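Breakdown of the fold
The chain contents come next:
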Amino acid sequence: MSQFNVNTEVENDLVILITEGYLNNEGGEMISNICYEHISNGNTKFLLDMAQTKVVNSIGVSILIEIIEKLQEVDGKLGYYNLAPIVDKTFKIMGLTKYSSVYSTKEEALADF
(Lines give C-alpha, C1' and ligand atoms only; values in the text may rest on other atoms or scores of the structure.)
Protein backbone atom coordinates (compact mmCIF):
# COMPACT_ATOMS: atom_id res chain seq x y z
CA MET A 1 0.00 0.00 0.00
CA SER A 2 1.04 3.59 -0.48
CA GLN A 3 2.69 5.79 2.13
CA PHE A 4 0.26 7.84 4.22
CA ASN A 5 0.38 11.65 4.19
CA VAL A 6 -1.66 14.34 5.90
CA ASN A 7 -1.86 18.00 4.92
CA THR A 8 -3.52 20.40 7.34
CA GLU A 9 -5.48 23.58 6.70
CA VAL A 10 -6.96 25.79 9.39
CA GLU A 11 -10.02 27.90 8.54
CA ASN A 12 -11.03 30.06 11.50
CA ASP A 13 -11.45 27.51 14.31
CA LEU A 14 -11.89 24.52 11.98
CA VAL A 15 -9.00 22.15 11.27
CA ILE A 16 -9.17 20.31 7.94
CA LEU A 17 -6.95 17.26 7.50
CA ILE A 18 -6.44 16.14 3.90
CA THR A 19 -5.44 12.48 3.96
CA GLU A 20 -3.69 10.48 1.28
CA GLY A 21 -3.02 6.74 1.34
CA TYR A 22 -3.92 3.68 3.39
CA LEU A 23 -5.28 4.63 6.82
CA ASN A 24 -3.73 2.05 9.13
CA ASN A 25 -1.89 2.38 12.45
CA GLU A 26 0.78 4.69 10.97
CA GLY A 27 -1.78 6.96 9.31
CA GLY A 28 -4.05 6.89 12.34
CA GLU A 29 -1.20 7.96 14.60
CA MET A 30 -0.35 10.82 12.25
CA ILE A 31 -3.97 12.01 12.36
CA SER A 32 -4.23 11.64 16.14
CA ASN A 33 -0.98 13.52 16.75
CA ILE A 34 -2.22 16.43 14.63
CA CYS A 35 -5.65 16.42 16.29
CA TYR A 36 -4.27 16.20 19.84
CA GLU A 37 -1.87 19.07 19.16
CA HIS A 38 -4.71 21.23 17.87
CA ILE A 39 -6.98 20.21 20.77
CA SER A 40 -4.28 21.32 23.22
CA ASN A 41 -4.27 24.68 21.40
CA GLY A 42 -8.05 25.05 21.79
CA ASN A 43 -9.30 23.75 18.43
CA THR A 44 -12.18 21.30 18.78
CA LYS A 45 -13.65 21.02 15.27
CA PHE A 46 -12.05 18.69 12.74
CA LEU A 47 -12.87 17.61 9.20
CA LEU A 48 -11.08 14.87 7.28
CA ASP A 49 -11.00 15.11 3.48
CA MET A 50 -10.54 11.47 2.55
CA ALA A 51 -10.74 11.69 -1.25
CA GLN A 52 -7.27 10.14 -1.56
CA THR A 53 -7.80 7.47 1.12
CA LYS A 54 -9.41 4.43 -0.42
CA VAL A 55 -8.77 1.89 2.36
CA VAL A 56 -9.05 2.06 6.16
CA ASN A 57 -8.21 -0.90 8.40
CA SER A 58 -9.52 -1.71 11.89
CA ILE A 59 -6.55 -0.09 13.64
CA GLY A 60 -7.13 3.13 11.70
CA VAL A 61 -10.79 3.03 12.74
CA SER A 62 -9.88 2.38 16.39
CA ILE A 63 -7.60 5.43 16.40
CA LEU A 64 -10.41 7.56 14.95
CA ILE A 65 -12.63 6.28 17.78
CA GLU A 66 -10.01 7.41 20.31
CA ILE A 67 -10.01 10.86 18.71
CA ILE A 68 -13.82 10.96 18.92
CA GLU A 69 -13.65 10.05 22.63
CA LYS A 70 -11.11 12.83 23.25
CA LEU A 71 -13.30 15.31 21.36
CA GLN A 72 -16.33 14.33 23.45
CA GLU A 73 -14.37 15.43 26.54
CA VAL A 74 -13.94 18.93 25.08
CA ASP A 75 -17.35 19.21 23.34
CA GLY A 76 -15.64 18.83 19.97
CA LYS A 77 -16.76 17.55 16.61
CA LEU A 78 -15.30 15.28 13.92
CA GLY A 79 -16.53 14.88 10.37
CA TYR A 80 -15.41 13.31 7.11
CA TYR A 81 -16.10 13.99 3.46
CA ASN A 82 -15.19 12.55 0.06
CA LEU A 83 -15.30 8.97 1.38
CA ALA A 84 -14.81 6.03 -0.95
CA PRO A 85 -17.88 3.75 -0.84
CA ILE A 86 -15.99 0.98 1.01
CA VAL A 87 -14.69 3.46 3.61
CA ASP A 88 -18.20 4.86 4.10
CA LYS A 89 -19.52 1.34 4.60
CA THR A 90 -16.70 0.49 7.02
CA PHE A 91 -17.40 3.60 9.10
CA LYS A 92 -21.09 2.70 9.30
CA ILE A 93 -20.41 -0.94 10.24
CA MET A 94 -17.84 0.06 12.90
CA GLY A 95 -20.23 2.63 14.42
CA LEU A 96 -18.20 5.78 13.70
CA THR A 97 -21.19 7.50 12.13
CA LYS A 98 -23.04 7.43 15.47
CA TYR A 99 -20.49 9.81 17.00
CA SER A 100 -19.12 11.67 14.00
CA SER A 101 -20.57 12.93 10.73
CA VAL A 102 -20.13 11.92 7.10
CA TYR A 103 -20.64 14.45 4.31
CA SER A 104 -20.57 14.11 0.55
CA THR A 105 -18.69 17.35 -0.11
CA LYS A 106 -16.59 19.96 1.66
CA GLU A 107 -19.33 22.53 1.11
CA GLU A 108 -21.89 20.30 2.82
CA ALA A 109 -19.51 19.72 5.73
CA LEU A 110 -18.69 23.42 6.13
CA ALA A 111 -22.38 24.30 6.19
CA ASP A 112 -22.85 21.98 9.19
CA PHE A 113 -19.73 23.15 11.05
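Refer to the preceding data block for the structure.
The notes below deal with the structure included here. Predicted, not measured: the structure shown is a model, and the values here were computed from it.

Considerations on unusual backbone geometry
- Not every positive phi belongs to a glycine, and N12 is a case in point at roughly 55°.
- Among the secondary structure elements, N12 is positioned in the loop between β1 (5–11) and β2 (14–20).
- One non-glycine residue with positive phi stands out, namely D75, at about 55°.
- Here D75 is to be found in the loop between α2 (58–73) and β4 (77–81).
- What makes D75 exposed here is its relative accessible area of 70%.

Quick word on the pairing of β1
- Both β1 and β2 contribute to a ladder of seven bridges, which runs antiparallel. Residue pairing in the sheet places N7 in a bridge with I18 of β2.
- Between β1 and β2, which follow one another and run antiparallel, lie two residues, and N12 among them has a positive phi close to 55°.

A word on the sheet that holds β4
- The sheet built from five strands is open, its strands ordered β1-β2-β3-β4-β5 with mixed pairing. Lying at the two open borders of the sheet, with one neighbouring strand each, are β1 and β5 (101–103). Strand-to-strand twist of the sheet, defined as the mean angle between neighbouring strand axes without regard to direction, takes the value 25°.
- Both β4 and β5 contribute to a ladder of three bridges, which runs parallel. Residue pairing in the sheet places Y80 in a bridge with V102 of β5.

Here we look at the side chain of T53
- When you line up the elements, T53 lands in the loop between β3 (45–52) and α2.
- Within polar-contact distance, the side chain of T53 engages the backbone oxygen of G21 at 3.2 Å.
- Those residues within four positions of T53 in sequence are excluded, and the remaining contacts are F4, T19, E20, G21, L23, A84 and V87.

Details of the packing of aromatic side chains
- Within this structure, the stated rule accounts for two aromatic pairs.
- Taking 6.1 Å as the distance between ring centres and 65° as the angle between the ring planes, the aromatic pair formed by Y103 and F113 counts as edge-to-face. Linking Y103 in strand β5 with F113 in the segment after α4 (106–112), this pair joins segments that are 10 residues apart in sequence.
- You can call Y103 buried: its relative accessible area is 7%.
- Taking NZ or CZ as reference, K77 lies 4.5 Å from the ring centre of F113, over its face.

Considerations on helix α3 (residues 85–93)
- Of the residues making up α3, those classed as buried are V87, D88 and F91. Projected onto a plane normal to the axis of α3, the buried residues spread over an arc of 100° and lie on a single side. Of the exposed residues in α3, those oriented more than 90 degrees away from the buried face are P85, I86, K89, K92 and I93.
- Buried residues in α3 make contact with β3, α2, β4 and β5.
- Remark: G95 follows α3 within two positions and exhibits a positive phi of approximately 85°.

The rules we used
Residues numbered from 1 in each chain as written. Predicted model: local features only at pLDDT ≥ 70, side-chain atom pairs only at ≥ 80, totals over all residues. Heavy atoms only, no water. Helix = DSSP H or I, 4+ residues; strand = E, 2+ residues; numbered from the N terminus. Buried < 20%, exposed > 50% of the residue type's maximum accessible area, 1.4 Å probe, protein only. Pairing = 2+ DSSP bridges. Axes fitted to C-alpha atoms, helices over the stretch in contact; angles between N-to-C directions. Polar contact = N/O pair within 3.5 Å; in protein donor to acceptor, adjacent residues only side chain to side chain. Contact = heavy atoms within 4.5 Å. Phe/Tyr/Trp six-rings, centres within 6.5 Å; stacked < 30°, edge-to-face > 60°. Lys NZ or Arg CZ within 6 Å of the ring centre and 35° of its normal. Arc of directions from axis to C-beta.

Purely geometric stuff here, so don't read any function into it on its own.
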